Amino acid sequence: MHDIRVIRDNPEEFDRLVALRDLAPQSVMILELDSENRALITRKEALLSARNNLSAKVAEVKRSGGDSAEIIAEVQQMKIEIAKLEAVQSAVAADLHDVLSGIPNLPDTSVPYGKDENDNRLIRDWGTLRTFSTLPKQHFELGEALGMMNFQWATQLAGARFNTLFGDLARLERAIGNFMVDLHIAKHGLTEVALPVLVNSTTMYNTGQLPKFSEDLYQVSDDYWLIPTAEVPLTNFGADRIFSSKELPIRLTAWTQCFRREAGAAGRDMRGMLRQHQFSKVEMVTIASPENSMDELERMTDCAENILKALEIPYRVMLLCSNDMGPGAVKTYDIEAWLPGQDTYREISSCSNCGAYQARRMAGRMKTDQGNVAIHTLNGSGMAVGRTLVAVMENHQQDDGSIAVPERLRPYMAGQECIG
RNA sequence: GGAUGGGUGGCUGAGUGGUUGAAAGCACCGGUCUUGAAAACCGGCAAGGGUGAAAGUUCUUCGUGGGUUCAAAUCCCACCCCAUCCGCCA
């Protein structure tokens, strides 16, 4: 949701930034709607004001025992006109709102222009890629050979894009999630939150999932939606609230199940557990004041990286180009873990500064000396638990098909050092 | 699911058709007093929008959406949510 005042103040700049998202200039059309809307508001309110005055006069006349029939007749006439104007004005306002909330967020100056993921920029990498004496296996090969990963049964239970884990692998996934949350609490100062995974339409709208991306979501009865990420409920902590600057930043984390229809991903990543309809993820959300949000993005990315460092998984950090970013983002870092079984890096975390985009949708504000301003919201995975399990398995696999448990996870596995 | 009672400003809470955008208290901010603090006293304090250089002025908002009326926090309808009891249940 864009701030119309920003567009009024500098329409050329708005069009220049919109172009980075490969959109045609919008400002002329928007400003036309805007001035039409304001003209209608002015006319409507003049009538409303006159009506209020006449109504007050009725009260006055009646108190002094006079006859108010004439005034009443006049106001009755007026009401017809007001209703007409109101209908026209609210339609124009709705159009304007739709346009402003439909345009994606504008990239930060540090974000490179680009068409797709091929234009993303490598920022840094970490860790050395292991050399294997034999060809490294993919996680599903390892898991199925261990008898601890059963996709066939998951298909029988639910369908494609689900999985089941058994024994030590099930426990390892749980260990990974617990480790992540504990690290965020103890070392990063985040506050853990337990959340609903079903939310209402307003909550989904606030973070930008609705109305445009409903095909990516599971909707259940009674107007509930399954969350595709804990970003949705966590970010809504700022909905309809006015924070004092002292309260910010607020840094939250939650480990939840996530549900995605993967509607546009037919045929992609069908083997294994990289892309599923249900997966668990530890999410980080920060509610920040505008002047701090870019620093908070660096901090959040660092929190995510610390997880992979602790688990001894090589990774690289990519700065997404303008058209690879999600619609809400001002700036996004993707963290990609090395998967030796696939011989490639795969996204395991995505940290975004959404600026005021979501905050304006949900009316999240902060008090300042110059009045209330929209807060900034940030979200990042810290990390996707299922994909981290995949990365642990592939990076710590041994020649015999067993998996070495990274040292930091052993306390969560009753000291166990090896699976299989 | 059934019954009852409720949803008013950051919070508590008055308010059943017209000087109520809303009493009072708390919180918060500024001031007086004080060596400093507290207390006391004085003053300020909702949000969003239109207009305006500004001061100001004006509109909207008392769970949400409709309706009645010249006029609605107040009356009517629907829905949502909360509390308590009953039923059911992890």
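The structure we're discussing is the one just above.
Fair warning: this is a prediction, and the values are worked out from it, not measured in the lab.

Trainee: How should I be thinking about the environment of Glu-12 in this particular structure?
Mentor: By the secondary structure assignment, Glu-12 is in helix H2 (residues 11-19). Taking the C-alpha atoms as reference points, Glu-12 and Asp-67, separated by 55 residues in sequence, lie 58 Å from one another.

Trainee: Please explain helix H10 (residues 293-310) as it appears in this structure.
Mentor: Think of an α-helix as 3.6 residues a turn; residues three or four steps apart then line up on the same face. Helix length check: H10, at 18 residues, gives a terminal C-alpha distance of 26 Å against a target of 26 Å (1.5 Å per residue), a fit within 8%. Within the span of H10, buried status applies to Ser-293, Glu-296, Leu-297, Met-300, Thr-301, Cys-303, Ala-304, Glu-305, Ile-307, Leu-308 and Ala-310.

Trainee: Explain the packing of aromatic side chains here, please?
Mentor: Enumeration over the complete set of coordinates arrives at 4 aromatic pairs. Ring centres 5.7 Å apart and planes at 20° place the aromatic pair Trp-126 and Tyr-315 in the stacked group. Placement of the pair is Trp-126 in strand S1 (residues 121-126) and Tyr-315 in strand S9 (residues 315-319), with a sequence separation of 189 residues. For Trp-126, a relative accessible area of 31% corresponds to the partly exposed category. Its relative accessible area of 1% is what places Tyr-315 among the buried residues. Between the aromatic rings of Trp-153 and Phe-166, the centroid separation amounts to 5.9 Å while the plane-to-plane angle is 40°, which identifies the pairing as tilted.

Trainee: I would appreciate a short explanation of the sheet that holds S1 in the present structure.
Mentor: Pairing between sheet strands relies on hydrogen bonds along the backbone, with the strands arranged either parallel or antiparallel. Here 8 strands make up an open sheet; going across it, the order is S1-S9-S10-S11-S14-S8-S7-S2 and the pairing mixed. Bordering the open sheet on either side are S1 and strand S2 (191-192), each of which pairs with just one other strand. Looking at chain direction, strand S7 (residues 250-259) and strand S8 (residues 278-288) are connected through 10 bridges and run antiparallel. Bridge pairing links Phe-259 to Gln-278 in S8. Where helix H12 (residues 385-395) meets the sheet, its contacts fall on S7, S8, strand S10 (331-339), strand S11 (344-353) and strand S14 (376-384), and the angle it forms with S14 comes to roughly 40°.

Reading guide: rules and limits
- Residues numbered from 1 in each chain as written.
- Chains lettered and ligands numbered in written order.
- Predicted model: local features only at pLDDT ≥ 70, side-chain atom pairs only at ≥ 80, totals over all residues.
- Heavy atoms only, no water.
- Helix = DSSP H or I, 4+ residues; strand = E, 2+ residues; numbered from the N terminus.
- Expected span 1.5 Å × (residues − 1).
- Buried < 20%, exposed > 50% of the residue type's maximum accessible area, 1.4 Å probe, protein only.
- Phe/Tyr/Trp six-rings, centres within 6.5 Å; stacked < 30°, edge-to-face > 60°.
- Pairing = 2+ DSSP bridges.
- Contact = heavy atoms within 4.5 Å.
- Axes fitted to C-alpha atoms, helices over the stretch in contact; angles between N-to-C directions.

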